[in-house]
Structures are given as structure tokens and as C-alpha cells.
Amino acid sequence: MAAHAKPKETFFTRNDSDIMGLNDEEVRESLEKHGKNELQTVKGKSILVMIIDELRQFLNLLLIIAAIISIVASGHVTDGLFIFMIVILNTTLSVVQARKANRAVEALKSMSTPHAKVWRNKILKSVDIRELVVGDLVVLEAGDYVPADLRLVETINMKIDESTLTGESEAVLKDSDQVLGETTAIGDRVNMAYASTIVTYGRGLGVVCAVGMKTEIGKIQTMLNTVEEHMTPLQVKIDRLGKMLGIASIIVVGLIFVVGLLYRFDPLDLFMVSVSLAVAAIPEGLPTVITVVLALGMRKMANKKAIVKALSAVETLGSVTVIATDKTGTLTQNKMVVTKIHDLENTIFVSGNGYDFNGKIDVINDNVDWIARVGALCNDSLIGNDQLIGDPTELALVALAEKNGIDHKTYRKEHPRIDEYPFDSVRKSMSTLHEFEDGLTLLTKGAIGQVLSISTHYLFKGEKKPIDEAFIKRVEAENDMLASQALRVLAFAIKPVTTYERITDEEKDMVFVGLVGIIDPPREEVRPAIALCHKAGIRVVMITGDHKLTAFAIGKSLGIQGEGTHALSGTDLDMMSDDELRAAVKHTSIFARVSPTHKVRLVKAFQDNGEITSMTGDGVNDAPALKQASIGVAMGITGTDVAKEASDMILMDDNFTTIVEAVEEGRVIYANIRKFVGYLVSCNVGEVMLIFVAMLLGWGSPLLAIQILWINLVTDSLPAFALGLEPRETDVMSQPPNDPDATIVDRFMGITIAFQSAFLATAVLISYYIGTYLITGHDMLGETLAFITIITGELLRTFSARSETKSVFKMNPFANKYVNYAVLTGFVLLVVVVFVPGINNVFQTNVDLSPDQFFLAVSLGLIPLFGGELAKLFKRLK
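Report on the accompanying structure. The numbering scheme is per chain: residues are counted from 1 as the chain's sequence reads. Local features in a predicted model are, by the rule used here, given only for residues with pLDDT of at least 70; side-chain atom pairs are given and counted only at 80 or more, and totals for whole chains, interfaces and linings are based on all residues. To obtain the side-chain values, all non-hydrogen atoms of the structure were used and water was disregarded.

As for helix H15 (residues 469-484)
Helix length check: H15, at 16 residues, gives a terminal C-alpha distance of 22 Å against a target of 22 Å (1.5 Å per residue), a fit within 8%. The cut-offs for exposure are 20% and 50% of the maximum accessible area for each residue type, with area from a 1.4 Å probe on protein chains only; residues under the lower value are buried, those over the upper are exposed, and the others partly exposed. In DSSP terms, a helix is any run of H or I states spanning at least four residues, a strand is any run of E spanning at least two, and both are numbered starting from the N terminus. Listed in full, the buried residues belonging to H15 are Phe471, Val475, Glu478, Asn479, Leu482 and Ala483. Across the axial projection of H15, the buried residues extend over an arc of 135°, all falling on one side. With respect to the buried face of H15, the exposed residues turned more than 90 degrees away are Glu469 and Lys473. Positive phi shows up at Ala486, right after H15, with a value of about 65°. In this scheme, a helix's expected span is set at 1.5 Å multiplied by one less than its residue total. This arc is taken over the directions from the axis of the helix to the C-beta atoms.

Thoughts on a nonpolar patch on the surface
To count toward a patch, a residue needs a relative accessible area over 30% and no salt bridge; like charges are then connected within 9 Å, while nonpolar side chains (Val, Leu, Ile, Met, Phe, Trp, Tyr) are connected within 5 Å. Surface exposure here means Shrake-Rupley accessible area, sampled with a 1.4 Å probe, where a residue is shielded only by the protein chains that are shown. Each reported salt bridge corresponds to a side-chain nitrogen of Lys or Arg within 4 Å of a carboxyl oxygen of Asp or Glu. There is a patch of nonpolar side chains on the surface, built from Tyr769, Tyr773, Leu774 and Ile775 and spanning about 390 Å² of accessible area. Among the residues examined, Ile775 registers a relative accessible area of 37% and is labelled partly exposed.

Brief notes about empty space enclosed by the protein
Only protein atoms enter the 1 Å grid used here. Points where a 1.4 Å probe fits but cannot escape make up a cavity, open sets with protein on both sides within 12 Å along at least five of seven lines make up a pocket, and a residue lines them when an atom lies within 4 Å of a point. Grid points are joined across faces, edges and corners, and a volume is the space filled by probe spheres set on the points. Across all of its chains, the model carries 4 cavities of 30 Å³ or more by this definition. Within this model, the largest cavity holds a volume of roughly 160 Å³. Forming the boundary of the largest cavity are 16 residues, of which Lys675, Thr752, Gln756, Ala801 and Glu804 lie nearest the centre. Among the elements that take part in the lining of the largest cavity, helix H25 (residues 747-775) stands out by supplying 5 residues, more than any other. Polar here means any residue outside two lists: the nonpolar Ala, Val, Leu, Ile, Met, Phe, Trp, Tyr, Cys and Pro, and the charged Asp, Glu, Lys and Arg; Gly therefore counts as polar. Here the lining of the largest cavity is built from residues that sort into 5 nonpolar, 6 polar and 5 charged.

Description of unusual backbone geometry
The backbone of Ala486 sits at a positive phi, close to 65°, despite the residue not being glycine. You will see that Arg593, though not glycine, has its phi angle at about 50°, which is positive. In this structure, Arg593 sits in the loop between strand S23 (590-592) and helix H20 (596-608). Relative accessible area serves as the criterion here: at 23%, Arg593 is assigned to the partly exposed category.

Quick look at helix H11 (residues 366-377)
Here H11 is 12 residues long and its end C-alpha atoms lie 16 Å apart, about the 16 Å a rise of 1.5 Å per residue gives. Burial runs high along H11: 9 of the 12 residues are buried. Residues Asn367, Val368, Trp370, Ile371, Ala372, Val374, Gly375, Ala376 and Leu377 constitute the buried set of H11. Contacts described as polar in this section are N or O atom pairs within 3.5 Å, which, within protein, must combine one atom able to donate a hydrogen with one able to accept it, while residues neighboring in sequence count only if both atoms come from side chains. The backbone nitrogen of Asn367 has a side-chain oxygen 3.1 Å away, supplied by the residue at the start of H11, namely Asn365.

Here we look at the pairing of strand S2 (residues 123-128)
Here the rule is simple: two strands pair whenever DSSP picks up at least two bridges between them. Note that strand S1 (residues 115-120) and S2 share 6 bridges and pair antiparallel. Looking across to S2, one finds that Lys117 is bridged to Ser126. What sits between the antiparallel neighbours S1 and S2 is a turn of 2 residues, in which Asn121 has the positive phi angle 55°.

A word on the nonpolar core
For the purposes of this section, nonpolar cores are sets of buried Ala, Val, Leu, Ile, Met, Phe, Trp, Tyr and Cys residues that join through side-chain atoms within 4.5 Å. Residues Phe656, Ile673, Phe676, Val677 and Phe787 are the most contacted members of the largest nonpolar core, which totals 124 residues. Per-element accounting of this core gives the leading share, 20 residues, to helix H23 (residues 656-696).

Side note on the side chain of Lys495
Position of Lys495 relative to the elements: it lies in strand S19 (residues 487-497). Residue classification places Lys495 among the buried positions, given a relative accessible area of 10%. A distance of 3.1 Å separates a polar side-chain atom of Lys495 from the backbone oxygen of Lys508. Residues in contact with Lys495, not counting those within four places in the same chain, are Leu440, Thr441, Leu442, Glu506, Lys508, Asp509 and Met510. Throughout, a contact is declared for two residues whenever any of their heavy atoms are within 4.5 Å.

This is the structure:
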């Protein structure tokens with residue numbers, strides 16, 4: 001019989017004892033019998049398929065044709081075999097890079113796998129959803145992904161969005177008491193919760209009845225958390241640049257071939273040089289290298305507690321101009337402590353730190369007792385077994401109850417919860433109904449405005465008195481005083497209930513019992529991080545549900561609100577048109593008492609003003625704002641699964657400084673991409689310019705085809721990749737944010753490329769001229785000297801390319817070990833192909849080369865380095 005056709009008692013019966021859940025032995029047995037809670041993943045391309053795809057690329061096909069022609073038509077077997085080797089090395093390098101990037105991205109995806117709250121061995125614990133087994137008792141709350149197929153055994157106002165499974169957009173109200181017919185359709189099974197669906201409201205308990213591929217979502221082979229990877233905007237720009245350079249290169253190479261024929265050079269040699277030059281000139285590997293650099297950047301960010309879910313988000317981070325952040329836990333420590341109680345007569349001090357029970361309440365009376373009782377019962381958090389489970393604000397209330405002599409676990413058993421009206425961001429309150437000795441009592445906690453609005457009386461020295469305007473003014477004044485001290489203020493109310501039908505109708509005629517002030521100290525590292533943002537041209541905006549005065553006090557202490565700014569509340573926002581809001585956000589940095597709907601409006605207002613906006617969120621209702629933001633940032637600790645799914649980045653430590661570090665890393669990655677793009681393009685343009693000018697002069701090509709291919713494979717690629725790993729420059733956060741609409745090759749980079757290409761071509765032409773016309777009158781020595789000079793020039797120029805503005809003489813030469821390794825490797829390989837017998841025969845560098853001639857060619861390689869430095873000087877002067 002299907003699970004939905006069985007009564008809930010078949011799966012679980014709650015009694016007065018602690019909830020047990022499965023023990024370790026039962027977990028092992030269930031795992032062996034039913035398997036892990038994993039869906040089968042679609043396998044990626046095999047290595048063989050990736051190799052075939054690479055070999056089918058236009059440039060590789062061109063090289064294969066050239067190799068065949070070299071062997072068959074001209075009998076140059078060695079040259080042909082070498083070209084084949086180049087194809088193999090090119091293919092291997094591309095496949096290795098692609099697999100490395102894919103593994104990095106997959107590793108990061110596994111780090112952001114959702115967790116589930118499950119009872120095991122009488123302990124409520126959080127486990128990776130892949131570790132769930134059939135029979136596990138799972139706790140569900142608003143914002144959770146349902147981790148497996150569950151038979152619900154307890155539901156309290158629980159609604160689930162099942163659109164991923166049924167296509168129905170409206171959330172379904174669940175009822176665990178229902179027993180349904182065997183043939184009931186999935187969309188009508190109100191006593192079930194299915195994997196991949198989302199709890200949007202309320203809470204409940206469910207027993208796992210199917211895992212992995214046996215779940216309903218598994219049966220239709222639908223994957224959780226899959227992100228279809230498209231080319232990022234930067235990759236699109238680079239791809240467009242590559243095509244543009246490719247077309248230009250082919251035109252120039254065609255001209256070279258025609259000019260060569262006019263000068264009556266050997267057509268076959270011209271063809272080989274032209275093909276080699278076309279392959280070298282087109283930066284076909286740029287998108288792959290960028291993918292690897294972005295993926296490595298994602299991994300580096302993950303090591304700093306920021307999990308970026310898509311490559312495109314890495315690019316966007318460097319362009320962020322506004323960081324809109326929540327207060328609690330992000331700017332503050334999220335270690336709540338009740339420090340003050342207002343019993344509607346006096347302010348009472350509470351001692352103690354964190355969530356320990358060792359503190360003391362200075363005065364105990366009826367109001368304090370009721371505040372402690374509400375704090376213990378109208379509460380879903382738990383302290384014990386060396387675990388802190390639940391919201392930090394609720395944990396602080398549990399600690400307060402314990403300081404008042406209430407054992408919260410025992411007290412909850414003595415006064416069981418009959419019903420509840422869960423907290424939501426619109427009401428900003430939570431109510432629960434409990435059994436007491438004299439009957440049922442409704443307990444409510446929440447924002448002072450909400451609790452006052454549903455209260456008609458207040459408790460004063462054991463007596464119930466009617467609320468009047470004078471009382472409201474006194475309470476609001478006390479609230480303002482506590483809020484101005486950067487305390488979060490909560491209000492409490494109670495109400496005896498004789499009979500009721502729906503708890504949602506009972507939040508009225510309440511008895512107001514008092515206020516508590518909860519401190520959440522700012523993180524020490526946040527203030528300098530905010531100052532760094534301001535220095536980097538990034539506005540920091542605080543968006544919180546707290547009272548305006550609390551928000552302003554925290555903002556002032558952190559340096560968020562600048563001169564001439566002020567705080568706006570959600571009520572203020574409701575009164576503004578979109579045009580007024582767009583104007584207001586230009587000079588307002590603190591927004592208080594906001595709802596998720598306000599967050600969406602704020603993000604749109606910033607974006608309409610041309611800002612690239614990062615927005616933090618943790619609740620299920622924050623998902624629209626996170627999706628709307630340029631970079632949606634979810635909290636890894638307190639965030640719901642829905643918020644994490646909607647976000648582009650997850651903070652594993654919920655810390656504001658992690659956002660700033662991620663933005664900084666995004667800038668570093670973009671700067672490094674510019675560096676190696678500029679380096680590679682100038683290499684390619686320089687090589688084309690060199691051969692084109694040499695042909696016009698009637699000299700022929702200063703470089704042989706295999707020499708060009710060698711330069712493209714080894715000398716260009718290794719330093720370029722090393723530049724992608726350049727450490728951050730000290731002034732990276734002193735620059736304005738990156739313009740997302742700017743072309744990768746801007747005016748200054750174009751000038752730099754022109755300088756370096758011209759100097760590179762000039763240096764090699766001089767070297768070739770000296771070797772061919774001044775020393776021997778033989779092409780072979782000139783080609784060898786040109787080969788040495790171009791390799792030396794490109795290797796040495798790597799040091800200059802490490803910064804677009806700073807002089808090479810002011811940089812730490814040991815800061816990027818990868819550049820040093822790449823240059824050293826390049827020089828070692830140069831010596832090998834020039835001086836090692838046999839190998840130099842292949843490259844036709846087996847000439848009688850004196851030390852003076854070698855060092856002359858190497859010295860000429862300094863010219864491109866000086867060209868790069870002149871370009872930087874030009875920029876600094878501008």
C-alpha cells in the first residue's frame with residue numbers, strides 16, 4: 001500500500017517522551033536496503049568525445065591538412081610529424097584545462113548541497129540530504145527544500161510549493177491526518193511532501209518513505225540544483241574579439257601569401273608559414289583559459305567562505321557598485337543576548353554572555369515571568385546536547401527563560417503546543433497556543449507596532465488595565481530609547497482562550513506584558529571593510545527589519561550612513577512612487593522595518609539608477625529580491641534553502657567582510673584576464689606584423705612554420721596562464737568598479753598592444769637583418785637569431801604585463817612564482833631547441849652560433865619589454 005493510503009500512526013506516533021528517530025544501526029540497515037538519497041547525474045563528455053571535439057576544431061583540422069601536405073607533397077616528414085605533435089599537445093592542453101574547470105565547478109556545487117534537519121538518537125541534527133535514509137524523521141520549516149519523499153505525520157499551517165513536480169503554481173495546504181485512496185493523483189496527496197518541492201509556510205514533521213531515484217522526482221529523472229552553463233558575458237566578449245582578430249588575421253595572412261608569390265617565394269613554404277601564422281594569430285584558446293581562470297577564482301573564493309554558483313557571477317562581482325546588506329549576522333555577530341527588560345514600569349538589567357544560563361535578572365515579577373514563559377514556549381529553537389538549533393533571537397529568549405528558572409525542555413512538555421500562527425514578514429509576529437493549568441493561553445511575540453495593534457490591555461503589577469494613548473506613548477518612548485542604544489526590541493503579549501476554531505482569528509484582544517532589548521554586537525572587522533568599500537567606490541546600504549532607531553545606531557557605529565544621509569522605514573517606502581524612490585536611494589543608506597517586497601523595489605531603484613547591486617537575503621520571501629539583484633547573496637548558516645537556490649553566491653560564514661573579499665577577488669580576476677588577454681593579443685599581432693613587414697621588404701618569413709607553432713604552443717601559452725594567477729595589486733580596491741559594458745580591449749589596451757607589437761616586430765626584424773645580411777648572408781642564422789629574439793622578447797615582456805600601470809621596476813619580482821616558473825621553463829626550452837643536437841635539426845636552428853650572437857639576440861629581446869613600459873608611462877602621463 002502506498003504511503004499516502006496509510007494512516008500517519010503507521011509511521012510515527014508522538015508521545016510525552018523525547019522524539020527518538022532512527023538509531024545508528026537502523027540508519028546503516030536502511031542505507032544498505034534502500035541506498036543513498038542521490039539522483040543519477042547526467043554524465044559529462046568522456047575524454048574520447050572531448051578529444052574528438054577538439055580535433056574537429058577548424059584550426060586543428062587546418063594543421064592536420066598542413067601536416068599531410070608537408071609529408072606527402074614536399075617530403076618534409078620531420079616537419080609533418082612535428083605539426084602532428086603540435087595538434088596532439090594542443091588537444092591535450094585544451095582537454096586538461098576543460099576537465100580542470102569542470103571539476104572545480106562540480107566541487108563547488110557539492111559544497112552548496114542542501115541539508116535537512118532530522119531526528120536521530122533523540123538528537124535533532126543537520127545532515128547532508130544525500131545521507132537521508134528511509135525511515136528518517138525530518139523536520140520541515142518555511143524555506144526548506146523537501147529533501148526526499150515524506151509521509152507527513154505532523155503539519156501546522158504548512159503549505160508546499162509543488163510547481164517543480166506538478167506544474168501548479170499555487171502552494172498546497174498540507175494535512176497529515178488525511179488518509180487517501182491508493183489512486184489519488186500526486187497533486188492531491190495532501191498528506192505527502194515530495195523531494196524538490198518547497199515549504200513556503202508553516203512547519204511539520206515527515207517520515208522518509210522514498211529516496212534517490214525511487215522518489216517521484218527521481219522517476220522522471222529531474223535533477224536538483226542543476227545550472228545550465230552558458231558562455232559568460234566576458235567569454236562572449238572574448239569570443240567576439242577572437243573572431244574579429246581571426247578575420248583580420250586571415251586577411252593579413254592572405255595578403256602575406258599573395259605578396260610572397262609576387263616575390264616568387266616557394267608556394268609550399270608560403271602555405272606552411274601562412275597556415276602556421278593563422279593558427280598562431282587566432283587566440284582560439286582564450287575562452288578556455290578564461291574558463292579555467294574563472295573556475296580557479298571560484299575555488300579561491302570558496303576557500304574564503306564564499307561559494308559562487310556560476311562563472312558569470314565572478315565577473316559581475318568586480319563590477320558591483322552597491323552592496324545592500326542585512327544587519328543581523330552579516331554586519332553583526334548574530335550572538336543575541338537579552339540585556340534589558342521593560343516590565344511596563346521599570347527597565348530591568350539582565351547579565352550573562354552568549355547563550356549560557358549563568359546570568360541573572362535583577363528583578364523578577366509577574367511581567368518578567370510572563371515574558372520568560374512566552375520566550376520559552378512561543379519559540380522553535382533549542383539549546384542542549386552541545387547544539388544550538390534555531391534562530392539566534394529565539395535562542396536568546398531561551399537563555400532568558402533559563403535565567404528566570406525555566407527549564408525550556410521540561411516546560412514545553414508540561415505546556416504542549418496545541419496550535420501556532422507562524423512568523424511571517426508581513427505580520428512580523430508569531431503566536432502559539434498552549435495548555436496551562438487553568439486552560440488554553442495564546443502567547444505572542446513580535447515587533448512592538450504589531451503586538452500593540454492587537455492588544456487592548458496591559459499587565460501592570462498583576463492587574464489587567466486598558467491600553468490608552470498615554471500608555472502607547474510611554475511604551476513607544478521606551479522602545480525608542482532601547483532602539484537608540486542599538487538594541488533589537490521585541491514585544492510580548494498573552495491571552496486566555498476558552499474556545500477557538502482558528503488560531504489566525506485569535507490574534508486580537510491581547511494583554512501586553514512587556515518589552516525586551518536584545519543586543520547583537522557589530523563584528524569588529526566590518527567597520528574597516530565598509531571603509532574599504534567606500535575607498536573602492538562602492539556604496540554600502542543596510543536593509544533590515546529592525547526599528548529605524550536601532551538600524552541608525554548600528555549604521556552610525558559602523559560608518560554606513562554618511563554626511564547628509566538619513567534612514568527610511570518601510571512605511572516611508574510605501575508612501576513613495578517609483579520615481580521618488582529612485583531619487584531617495586541616491587542619498588539614503590539605511591532602510592529599516594522593510595519587507596521582502598520593499599527589498600525588490602529597492603534593488604530595482606538602484607538598478608534603474610545604473611548601479612550594479614549586490615543584495616543579501618536569508619528568508620524564503622527574499623528569493624525575488626535575490627533573483628532581481630545583479631548578485632544575489634544568501635546566508636549559508638541562517639539562510640533557507642530557497643534563498644540559497646535563488647542566489648548567485650552563498651556566504652558560508654554569513655559575514656559582510658566575505659562579500660567584500662569576494663568583490664575584491666572578482667576585481668583581481670578581471671584585472672588578470674585583461675593582463676593575459678593583452679599579452680596574448682599583442683603576441684599574436686606582433687607575429688603577424690613581423691612577417692607582413694618582412695614580406696613587404698622582400699625578405700621572406702623570418703620564422704619557419706614549426707618555429708611559429710612552437711612559439712604559439714609554449715612561449716605564449718605558459719606565461720599567459722601564469723598571468724591569470726597574478727596576486728592582487730595593492731591598489732585594486734582603490735580603483736572604481738569595473739564597467740560591465742566596457743570592451744575588454746579598451747583604448748588604453750589598444751595603445752599598449754600597438755606599442756608592444758611594434759616593438760616586438762622591430763626587435764625581431766633587427767635580429768633577422770643582422771643574422772642574415774650583416775653576419776653571414778645566410779637565412780638560417782637570421783631565422784635562428786629571430787627565433788631567439790622573439791621568444792626572449794615575449795618571455796621578458798611577461799614581467800611588464802603583470803601590471804597595466806605599475807612599472808616593472810617597482811614590482812616584487814618574486815610575487816608571482818608561476819610567472820617565474822613559466823619564464824624559466826621558456827628559456828630552458830629555448831636553449832634545448834637551439835643547442836641540443838637532433839632537436840635543433842627539427843627546428844633548423846643547428847647553426848654555428850657564437851655566445852656573442854646568442855646574447856645579442858637575447859639583448860634585442862629587451863626591446864618589447866621597454867615598449868610595454870613606455871605604454872604604461874603614456875597612461876600615467878595621461
